[in-house]
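# Overview (structure and organization)
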Amino acid sequence: MNKIKKNKAGKLVFADNLPRGLKIPKDAVGQRILNEYGAIFAAQGGATPPNKIVFKNETQVSTFQKNIETTSEFIGGFELELQTPAMEKLKAAINEAEQSDLTITPRGADSAKRTYAETVKLWASRVDPGLKHWVEMGRLSATEVAEVRALSQFEQVPKIFEMESKGMFFSKDLSKTIIYSVAPPGTSQHLSMLAFDASEHENPQAREILARHGWVQTVVSDLPHFTFLGAAESEFNNLGLKKVIDGGRVFWLPDL
Ligand SMILES: [Zn+2]
């Protein structure tokens, strides 16, 4: 997103500034995914946003990951890989935190880069127990479960959303939508290596330090998750993002 396009009123339009070849999806699931995870397409500061709204398979992910400059570092006992500008700013935030006797550390080994296979495995780790539960509750038949299982992981997404619209939820505690527990396969910002899950996400000071270095929250359903947008928050309105306050936290979402 190098050349920023504005409409006649001089306002930047999110949809007009997606990476080349990307358009706002027409289907409800695609729109929901863009709304949920799409702030990443406004990333600046030398970051390369993903070239797809949904990566369909491992080849698409690994091709994207191979063609961008990345850096690996040991942080908090884990080896993490991110796009180089995102890693540099994360290290700067960690250094700034140290000066205030704070830490910023990853939640686990999968807190930065993920592969397509890892996102598929995470998705299945919620779908499988959910299906089992709703069969036990008498809400789903064995035939319906077999139909879901016959679909590719990504084809399962609209099916799961449809079941959730009928009150059969798939989050870890089965009380909320699955996206509170896991991103649909191929949609995770971790695939683009511009995401970091911080242990200290509940500390407002840690969030402020991360934000000063371009790392902000963009996914309302995922509290430990930070996205590298590589710009100051004062610039975000001008990048087609809108500010949303939820649970006392600031999130930046696509202004669709
Ligand atoms: Zn995350």
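Attention in this report is confined to the structure presented alongside it. Predicted, not measured: the structure shown is a model, and the values here were computed from it.

### Examining the coordination of the zinc ion
- Distances from the zinc ion to its protein donors, H190 (NE2), D197 (OD) and H225 (ND1), fall at 2.0 Å.
- Of note, the zinc ion draws all its donor residues from one chain, in the sequence arrangement H-x6-D-x27-H.
- For H190, a relative accessible area of 1% translates into the label buried.

### Digging into the pattern of salt bridges
- The tally for this structure, following the rule as stated, stands at 10 salt bridges.
- Residue E136 pairs with K132 through a salt bridge whose shortest N-O separation is 3.4 Å. Residue E136 and its partner K132 are both found in helix 4 (residues 116–136); the two are separated by 4 residues, about one turn of the helix.
- Taking relative accessible area as the criterion, K132 reaches 55% and is therefore assigned exposed.
- Between K176 and D173 there is a salt bridge, with the nearest N and O atoms lying 3.9 Å from each other.
- Via salt bridges that share partners, D110, R114 and D197 belong to a single interconnected network.

### Points about the environment of K23
- Its location among the elements puts K23 in the segment before helix 1 (28–37).
- Since its relative accessible area comes to 66%, K23 is described here as exposed.
- K23 sits 29 residues away from K52 along the chain, and the two C-alpha atoms are 9.4 Å apart.
- Setting aside its immediate chain neighbours within four residues, K23 contacts L18 and I53.

### So, the nonpolar core
- L90, I104, I178 and W215 are the most contacted members of the largest nonpolar core, which totals 63 residues.
- Per-element tally for this core: the top contributor is helix 3 (residues 84–99), with 6 residues.
- Non-local contacts of L90, meaning those with residues more than four positions away in its chain, are made with I75, L82, I104, F196, L210 and W215.

### Topic: unusual backbone geometry
- At D101, a residue that is not glycine, the phi angle is positive and equals roughly 60 degrees.
- As for its position among the elements, D101 is in the loop between helix 3 and helix 4.
- Despite not being glycine, M193 has its phi angle at roughly 60 degrees, a positive value.
- In this structure, M193 sits in the loop between helix 6 (153–165) and strand 3 (195–197).
- According to the relative accessible area criterion, M193 is buried, its value standing at 1%.

### Brief notes about the packing of aromatic side chains
- Across all of its chains, the model carries 4 aromatic pairs by this definition.
- With centroids separated by 6.1 Å and ring planes inclined at 70 degrees, the aromatic side chains of F196 and W215 adopt a geometry described as edge-to-face. Taken together, the residues span a long stretch of sequence, with F196 in strand 3 and W215 in strand 4 (residues 215–216) at a distance of 19 residues.
- For W215, a relative accessible area of 0% corresponds to the buried category.
- Ring geometry for F236 and W252: centres 5.0 Å apart, planes at 75 degrees, overall edge-to-face. Of this pair, F236 sits in the loop between strand 5 (225–228) and strand 6 (241–246) while W252 is found in strand 7 (residues 249–254), placing the two residues 16 residues apart along the sequence. Neither F236 nor W252 differs from the other in exposure class; each is buried.
- Above the face of the F161 ring, R32 is positioned so that its terminal group lies 3.9 Å from the ring centre.
- The ring centre of F154 lies 5.9 Å from the NZ or CZ of K56, which sits over that ring.

Procedures and definitions
- Residues numbered from 1 in each chain as written.
- Predicted model: local features only at pLDDT ≥ 70, side-chain atom pairs only at ≥ 80, totals over all residues.
- Heavy atoms only, no water.
- Donors = N, O, S within 2.8 Å, 3.2 Å for Na, K, Ca; no water.
- Buried < 20%, exposed > 50% of the residue type's maximum accessible area, 1.4 Å probe, protein only.
- Salt bridge = Lys/Arg side-chain N within 4 Å of Asp/Glu carboxyl O.
- Helix = DSSP H or I, 4+ residues; strand = E, 2+ residues; numbered from the N terminus.
- Contact = heavy atoms within 4.5 Å.
- Core = buried A, V, L, I, M, F, W, Y, C linked by side-chain atoms within 4.5 Å.
- Phe/Tyr/Trp six-rings, centres within 6.5 Å; stacked < 30°, edge-to-face > 60°.
- Lys NZ or Arg CZ within 6 Å of the ring centre and 35° of its normal.

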